[in-house]
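Overview (structure and organization)
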Amino acid sequence: SLVCVFARLAGGIFTKGADVGADLVGKVEKSLPEDDIRNPAVIADNVGDNVGDCSGMSADLLESYIITITSTIAIGIYLKMNINIPAIISTIGLVSCTLPIFLMRFKNVWQEMNRYFITSLFTFILSNLGLVYSKIITLHQSLCVMIGAVCVFILLKITEYYTSTAYCPVKSIAKASTSGAGTNIIFGLAISYESTVLPIIFVIGSIFGCYYINGIYGIALGAIGVISLSPAILVMDIFGPVSDNAGGICEMSGLSQNIREITDELDGVGNTTKAITKGFAICSAIFASITMLYTFNIDILQMGYKIALNISDPKIICGLFLGAIIPNLFCGSTLK
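Each chain carries its own residue numbering, running from 1 in the direction its sequence is written. At least 70 in pLDDT is required for a residue's local features to be given in this predicted model, at least 80 for side-chain atom pairs to be given and counted, and no such filter applies to totals for whole chains, interfaces and linings, which use all residues. As a convention, hydrogens and water are excluded, and side-chain values are obtained from all of the structure's heavy atoms.

Focus: the overall build of the chain
Starting at the N terminus, helices and strands are each numbered in turn, a helix being any DSSP run of H or I of at least four residues and a strand any DSSP run of E of at least two. In terms of helices and strands, the chain carries twelve helices and zero strands. Taken from N to C terminus, the helices and strands of the chain fall in the order α-α-α-α-α-α-α-α-α-α-α-α. With the radius of gyration taken over C-alpha atoms, the globule rule is written as 2.2 Å times the number of residues to the power 0.38. Whereas a compact globule of 336 residues would reach a radius of gyration of roughly 20 Å, the chain reaches 22 Å, a difference of no more than 12%. The dimensions of the chain, computed from C-alpha atoms along their principal axes, are 65 × 50 × 35 Å. Taking all 336 residues of the chain together, 44% fall into the buried category. Residues counted as positive are Lys and Arg, residues counted as negative are Asp and Glu, and His and the chain ends are not counted. By convention, charge coordinates are those of NZ in Lys, CZ in Arg, CG in Asp, or CD in Glu. The chain carries 19 positive and 23 negative side-chain charges, and their two centres are separated by 9 Å. The buried label goes to any residue with under 20% of its type's maximum accessible area, the exposed label to any with over 50%, and the partly exposed label to all in between, with areas taken from a 1.4 Å probe on protein chains only.

Looking at helix α3 (residues 85–98)
The span you would expect from a helix comes to 1.5 Å times its residue count less one. Compared with an ideal rise of 1.5 Å per residue, which puts 14 residues at 20 Å, α3 spans 20 Å between its outermost C-alpha atoms and is within 8% of the ideal. Inspection of α3 places Ile85, Pro86, Ile89, Ser90, Ile92, Gly93, Ser96 and Cys97 among the buried residues, and these make up the whole buried set. One face of α3 carries all of its buried residues, which in axial projection span an arc of 155°. Every residue pair with non-hydrogen atoms within 4.5 Å of one another is taken to be in contact. Contact partners of the buried residues in α3: α2 (41–78), α4 (109–133), α5 (139–163), α8 (197–227) and α9 (230–253). It is the directions from the helix axis to the C-beta atoms that the arc portrays.

Thoughts on the nonpolar core
What makes a nonpolar core is a set of buried Ala, Val, Leu, Ile, Met, Phe, Trp, Tyr and Cys residues whose side-chain atoms join them at distances within 4.5 Å. The biggest cluster of nonpolar side chains holds 63 residues, and the ones touching the most others in it are Val152 and Phe287. A per-element tally of this core places α8 first, with 15 residues. Beyond its immediate stretch of four places on either side in the chain, phenylalanine 287 contacts Val203, Ser206, Ile207, Cys210, Ile219, Gly222, Ala223 and Val226.

Quick notes on the pattern of salt bridges
For this analysis, a salt bridge means a side-chain nitrogen from Lys or Arg found within 4 Å of a carboxyl oxygen belonging to Asp or Glu. Tallied over the full model, the rule gives seven salt bridges. A salt bridge links glutamate 160 to lysine 157, with the nearest nitrogen and oxygen atoms 3.2 Å apart. Taken together, the positions of glutamate 160 and lysine 157, both in helix α5 and three residues apart, correspond to about one turn of that helix. One network of salt bridges, in which partners are shared, links Glu251, Arg260 and Asp264.

Section: a nonpolar patch on the surface
Together, Tyr78, Leu79, Met81, Leu301 and Ile307 give the surface a local cluster of nonpolar side chains, amounting to about 380 Å² of exposed area. Along the polypeptide, leucine 301 turns up in helix α11 (residues 278–302). Judged by its relative accessible area of 46%, leucine 301 falls in the partly exposed class. Only residues above 30% relative accessible area that lack a salt bridge enter a patch, with like-charged residues linked at up to 9 Å and the nonpolar side chains Val, Leu, Ile, Met, Phe, Trp and Tyr linked at up to 5 Å. Computed with the Shrake-Rupley method and a 1.4 Å probe, the accessible areas treat only the protein chains shown as cover for residues.

So, the side chain of serine 172
When you line up the elements, serine 172 lands in helix α6 (residues 168–177). Residue classification places serine 172 among the buried positions, given a relative accessible area of 18%. Side-chain polar atoms of serine 172 contact the backbone oxygen of proline 169, separated by 2.6 Å. Dropping the residues within four chain positions of it, serine 172 is found in contact with Phe187 and Ile191. N or O atoms closer than or at 3.5 Å make up a polar contact, with two conditions inside protein: a donor-capable atom paired with an acceptor-capable one, and, for residues adjacent in sequence, both atoms drawn from side chains.

Things to note about the environment of proline 327
With respect to the secondary-structure elements, proline 327 resides in helix α12 (residues 314–335). Given the relative accessible area of 43%, proline 327 is considered partly exposed. Note: C-alpha distance between proline 327 and tyrosine 78 (249 residues apart in sequence) is 38 Å.

Let's talk about the packing of aromatic side chains
Centres within 6.5 Å make a pair out of two Phe, Tyr or Trp rings, where for Trp the six-membered ring is used; the pair is then stacked when the planes are under 30 degrees apart, edge-to-face when over 60, and tilted otherwise. All told, the structure shown has four aromatic pairs when counted by the stated rule. Aromatic side chains tyrosine 78 and tyrosine 294 sit 6.5 Å apart centroid to centroid with 75° between the ring planes, which places their arrangement in the edge-to-face category. In this pair, tyrosine 78 sits in helix α2 while tyrosine 294 sits in helix α11, placing the two residues 216 residues apart along the sequence. On the accessibility criterion, tyrosine 78 (37% relative accessible area) is partly exposed.

Structural data, given as structure tokens:
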């Protein structure tokens, strides 16, 4: 967790600092094109993309991966379940997210990225049904895993809705921007506040669905379903900085303008894929937090203490999240 914090936070701050610095010095002060070879800060920007987005996101997902699997194993031991189930399901997820990569042809990248994730999701779901058929897991357990996986897909679509230029939120911000920087900032803040509401509602619904089907172990398996798709999330996230750096290298190498136009299109797709993967962090963190708190409660009870307020109870923790988004919704509506 500490390594993740340093990689994600320090790396993220470095890449944004380098990016802003490069733009301020190059574009504003010296009127240089973006990624101009005469601007040394461009190198720092490219390095920052690797540190903040690639290494940072990898560390973030690895942390969620390990925490979720170990927590589910601990709960499985306590509830006398098969402790191999989390490892089996996450391995299937890894294979399901790897195989569709070889089907990509990189002709229409945005459509192929969407198709890649949907293919990974369906492969994972079918593989889970295969586990049910093989009697490795029960149908109820498989349903919880599928709920977690489908929740990830829904969150990606919600994030795409709020970040893609094809939909109303971004278009409304663009329209507000025509009357000045002030309205751009105000309307952008309003949309960003409101964008937190739908993801939390769907995550809460998924948690209650898993809890209703198979209790606290159902939530743990839902978390496994979420993190099992993290390899696909990593593919979509890292595509952003890789394509961005490719454009920078083309500019610094003095390649022709038509090459730069191709990399700019890839960069635009990469920015969108990178943005829609941010919703995954919300989902994995909430699911993982419930399983971690439950294992903490197990330790407390085994030490002979009593619990006055059971914060691992899904009703309580989902109530906390629901209460937390109400000010965001109110602020967003008021700013509009």
